[in-house]
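Structure assessment
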Amino acid sequence: MLEKTLNPAEVEQRHYEAWENDGSFACGNRPDADTYSIVIPPPNVTGSLHMGHALNNTLQDILIRFRRMQGLDVLWQPGTDHAGIATQMVVERQMEKEGLTRHDLGREKFIDRVWKWKAESGGTITGQLRRLGASCDWSRERFTMDDGLSRAVRKVFVDLHRKGLIYRDKRLVNWDPLLHTAISDLEVEQREVKGQMWHFKYPIEDMPGQFITVATTRPETMLGDTAVAVHPDDERYRDLIGKMVVLPITGRRIPVVADEYANPEKGSGAVKITPAHDFNDFEVGKRHGLEMINVLDRDARMNENTPDHYRGLDRYEARDVVVKEMEGLGLLDTIEENQMVVPYGDRSGVVIEPWLTDQWFVDAATLAAPAIKAVEEGKTVFVPKQWEKTYFEWMRNIQPWCISRQIWWGHQVPAWYGPDGTIFVELSEEEAQKAAQAHYGKDVVELTRDADVLDTWFSSALWPFSTLGWPDQTPELSRYYPTDVLVTGFDIIFFWVARMMMMGLHFMGEVPFHTVYIHALVRDEKGQKMSKSKGNVIDPLELVEKYGADALRFTLTAFAAQGRDVKLSESRVEGYRNFGTKIWNAARFCEMNECVPVAGFDPATVREPVNCWIVGKVMEAVGDVTKAIESFRFNDAANAAYHFVWGTYCDWYLELIKPILTGDDAKATAEARATAAWALGQLLRLLHPIMPFITAELWGKMGFGKGGDLIVAEWPVMDESLADEATNQEMDWVVRLVTAVRSVRAEMNVPPGAELPVYIVGANDQTMARLDAHVALICRLGRLASVDTVKADGDKLEKISKGAIQTVVDEATVFINVGSFIDVEKEKARLDKEIAKLDSEIDKHSKKLANEKFIGNAPPEVVETERERRSEAMAEREKKSAALERLANL
C-alpha cells in the first residue's frame, strides 16, 4: 500500500543512488540506436548550486530523460571548470588565515595545495546537481585541468600559434590592480556611481590666450594624453586640425586630430585621447599612429612616465594633485556632478584599469568568419532566434582575444624564452629545448617558461570535443560529436558559445552543436534580479529540502517560457508540491479501487464512453507534451501535462468513473480499472522528464515496473486512431456543463450542500440525447437537484428565470436557480467590497505606472511586473462586476 504522503528526501536519495549504481545514466547502452548528446556548461569547481544552475540543468535533464525514453543512445557529458581566478582566491584566503601567501610557498607547492583543496572541496556542486536529479553520465566526469584536457589545451595553443592565430602583443586589457592580472569582460562588474566630470583647458600652440576644452572623469590619465580629437565636420575646430596643443603639467606637444569618434553634440565636442588607458582612445591612437604612453604601474600607481612629483602616487591621490595643479595654472574650467558607470573587478572589488601590457592574444576575427557563416547557413540555430542577432553583432565586431592571465592556477602557457628573448612555443619543455637547439645551433643551458596561465574560457572553448578524448580519435568522439543541443544563459553567448563555435569548426571541421537554446534569468517574484545586497536570493537547495526536487523542477519548467524571465517565489514551489500531492492521491485512489496494470491491455478495445474519452485525452496530452519538448517550449510541456493530470485525469475522469467502480456491471468495472491504470501509467511517463522522483516511485509501487525502471521505459507515441471524436465531444460537453454550474456556484457563494434545480432552454437533439445519457452523472458532479429541458415559452421562461443565473453552453441557455439558496443583498455587499478593494489596487498600480520617475529609474522587469499586476487586478474586477450584474438581475 502507498503511504498516505510522499517523503521526497527518502525517495529522491533511494532512486538516484539506484539509477547511478545500475548505470542508467551511462551512454553506450544502445550501440545500434541513434545518438543524442549534450555537454553540460561546466560549473566552477568553487561553485554552489544557485537558481540559474537549477533552471539550466533542469531543462537539460528534461531533454536527456525525454530522448533516453525515446530509445536513443544518450550522453549528457558532465564536468567542472577549474575557474582560475576564483579558485586561486579561495585557496589564498584559506592560506591568509595561516599567515601565508602563495609567494611563501612558491608556484609548485601552491598548485599542489590547490589540487588538495579540489580533492577535498571541489565536488560540492556535482553533489548538488545529483540532489536536483541531473541524470549525467558521471562515469565520464571531466575537469578542465585533468590530464586529457590539459593535453588538448596545449595542442590547440601550439597549433594556433604555428598558424599565426595566437601571438604576443602589447594591447589594452582589463587590468585588476589588486589581483595583478588581466581579466575578461565577464569578470568586470559595471557599477553606476555618482562621480565628477572635470573640464580642462589645453593651450593651443602659437595662439596665446586660446584654448581647447576637454572633459574627463579620470584626470590622472591626462598625463598620458597624446592627442585631442575633434570631429572632421565640426566647423568650430576645422582650422585647428593638424595644429598642436600643449599638454599642461607635462609641457608635451600633442596634435589635434580629426576623428569621427569625437561627438560634436557632447560637451565641447573635443576629446582628450589617452591611447594607453582607454579602449576607444586606443583605437583612435591606432588610426592616427599616436604614441601610447602608459602612466600607471601594475598597482595603479603613477609610473616613471609621469613628472617626478607624481611617481609612486596612487591613482586617486594623483587625481587630486592633477586637479589642484590645473586649478593653480588657471586651466580648470568647470567641475560638474556626473552619473556614470565604473568597471569593478567582480572578485577583487577594486576599480579596473584599461592597461597597456604584453599579453597573448588569439586572432579571433579569423576564427570567427566560419562561425558566422555556420549560423548564417543554419548549421547551428539559436532558440529563441532573436539571440542570433546578438551573436552576429559581437562576432562581426570581434576584437583580438586576450588569453593570458597573471596568476598561477590554470593551464600554463606552453611557451619558453631563450637567453635573447626568442620565444619557443611547443607541446613540452623537451620539444622547446630541441627547437632552441635548432635555432641557436647549440645546446641552450636554460629556457625560461612563460609564467602566465591561459584564460579559463580558452579551455572551456574546447569542451564539446576535448571531453570526448580529442586530440585522440576516440570512439566517443566519432559517435557523439557534434552534440545536439547546448542549453545556456544569454550572458555567455560571447564568452563561451561563440568560442566553442570557433574552436569546434577549426579543429573538428563541424559545428559543436546543432541548436543553442538560450534560457532566461530567474528573478524574484517582483521581477527583480536576485542579489545578496537586495536580500532576495532564493537558495534552490533550501527549496528542495522543504518541498522536494520535483516541485522545484516543475516550477522552473512551468515558467521557462522562451524569451521571458522566470519570476520565482516560494509559494509557487509550494503550489507545485501540491501538484505532486495530487498525483500521489490519484495513485492512492487507483490502488484503493484496484486499478492495477493489466498485461496486454489495449486502449483501442475500450467501449465505455468515459474510458474512450480518457484514452483520446491521453493521446492529446502525449502529442502536446512531445511537440512542446521537441520545440524547446518547456513551459508549454509542463502546462499541458499539468492540465491533463490535474484537470482531465484527477478532477474529471476519476470522478466520472466512481459510479462505474462501485456499480454492479463487472465488465464495465474491469474496463474502468484497467483504463484508469493505463492512463496513470501514461501520465507517469509524460511527467518523468520533469518530475523524475515521484513518477519513478509510483511506477514501481503501482506495478508498472515489471518491464523495467521508468527511466528507460518507452516514451508514449501519439496514435490518433485511439481518439473517438464523437465520444470526445460528448464527454467534453458534460465537462463544459458541469464547469459552468460550478463556476456560478463559486461566483454566487452558494453553500456546498445546496442542491440546485437547473433548466436548459434551446437544446438541440444532440444535447437532449447527451443529457439523457449522463443526467445522473451531471447531477452528482454539479450537486444539482434536477436538470430539465424547457421550451422557449414566455410563461415558462419567466417562471424559471426568477432567482436564476443564466449562462450559455454551446447552443443552449442554462438557468441555474440560486435565489432560494443565497442572501442576495449580502452577496451584493460582499462583491461591492471586493470590487472597491480591487479599484484601490488598480489605482495604486496606475499611479506608479504614470510616475515618470518610477518608469525612468525602475528596472524594465519591475515595470513589467507592475503592469502584469494591474492587468490581473483589472481582469478580476471585471469578473466580480459581471457577477454583481447577474445578482442585480435576479
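Criteria and thresholds
- Residues numbered from 1 in each chain as written.
- Predicted model: local features only at pLDDT ≥ 70, side-chain atom pairs only at ≥ 80, totals over all residues.
- Heavy atoms only, no water.
- Buried < 20%, exposed > 50% of the residue type's maximum accessible area, 1.4 Å probe, protein only.
- Helix = DSSP H or I, 4+ residues; strand = E, 2+ residues; numbered from the N terminus.
- Pairing = 2+ DSSP bridges.
- Right-handed = clockwise from strand over helix to strand, strands pointing away.
- Salt bridge = Lys/Arg side-chain N within 4 Å of Asp/Glu carboxyl O.
- Contact = heavy atoms within 4.5 Å.
- Polar contact = N/O pair within 3.5 Å; in protein donor to acceptor, adjacent residues only side chain to side chain.

**Considerations on the pairing of strand β26 (residues 756-761)**
Buried residues dominate β26, accounting for five of its six residues. Of the pairings in the sheet, the one linking β26 to strand β27 (residues 784-790) comprises six bridges and is parallel in character. Paired with I760 across the strands is T789, a residue of β27. Considered for its hand, the β-α-β crossover made up of β26, helix α26 (residues 765-782) and β27 is right-handed.

**What to know about the pattern of salt bridges**
For the structure on display, the rule yields 54 salt bridges. A salt bridge links R319 to E220, with the shortest nitrogen-to-oxygen separation between them at 2.8 Å. Of this pair, R319 sits in helix α9 (residues 315-328) while E220 sits in the loop between β8 (211-216) and β9 (227-230), placing them 99 residues apart in sequence. Note on accessibility: R319 and E220 belong to one class, buried. One connected set of salt bridges, linked through shared partners, spans E827, R830, E834, E876 and K880.

**A short note on the sheet that holds strand β5 (residues 166-176)**
Taken together, four strands build an open sheet; the order of strands is β6-β5-β14-β16 and the sheet is antiparallel. Bordering the open sheet on either side are β6 (181-183) and β16 (401-402), each of which pairs with just one other strand. As paired elements, β5 and β6 share three bridges and run antiparallel to each other. By the bridge assignment, W175 is partnered in β6 with A182.

**Some remarks on unusual backbone geometry**
W470 connects to P471 through a cis peptide bond whose omega is 15°. Of note, the bond from Y481 into P482 is cis; its omega dihedral lies within 30 degrees of zero at 0°. With respect to the helices and strands, the residue P482 is situated in the loop between α15 (475-480) and β22 (483-489). Despite not being glycine, I249 has its phi angle at roughly 75°, a positive value. When you line up the elements, I249 lands in the loop between β10 (244-247) and β11 (252-258). Of note in the backbone geometry, A300 takes a positive phi value of approximately 65° without being a glycine.

**What about the environment of E570?**
Residue placement: E570 occurs in helix α19 (residues 570-592). Between the alpha carbons of E570 and P692 there is a distance of 21 Å; along the sequence they are 122 residues apart. Beyond its immediate chain neighbours, meaning those up to four positions away, E570 contacts L543, K546 and Y547. A polar contact of 2.6 Å, which involves the side chain of E570, links it to the side chain of K546.

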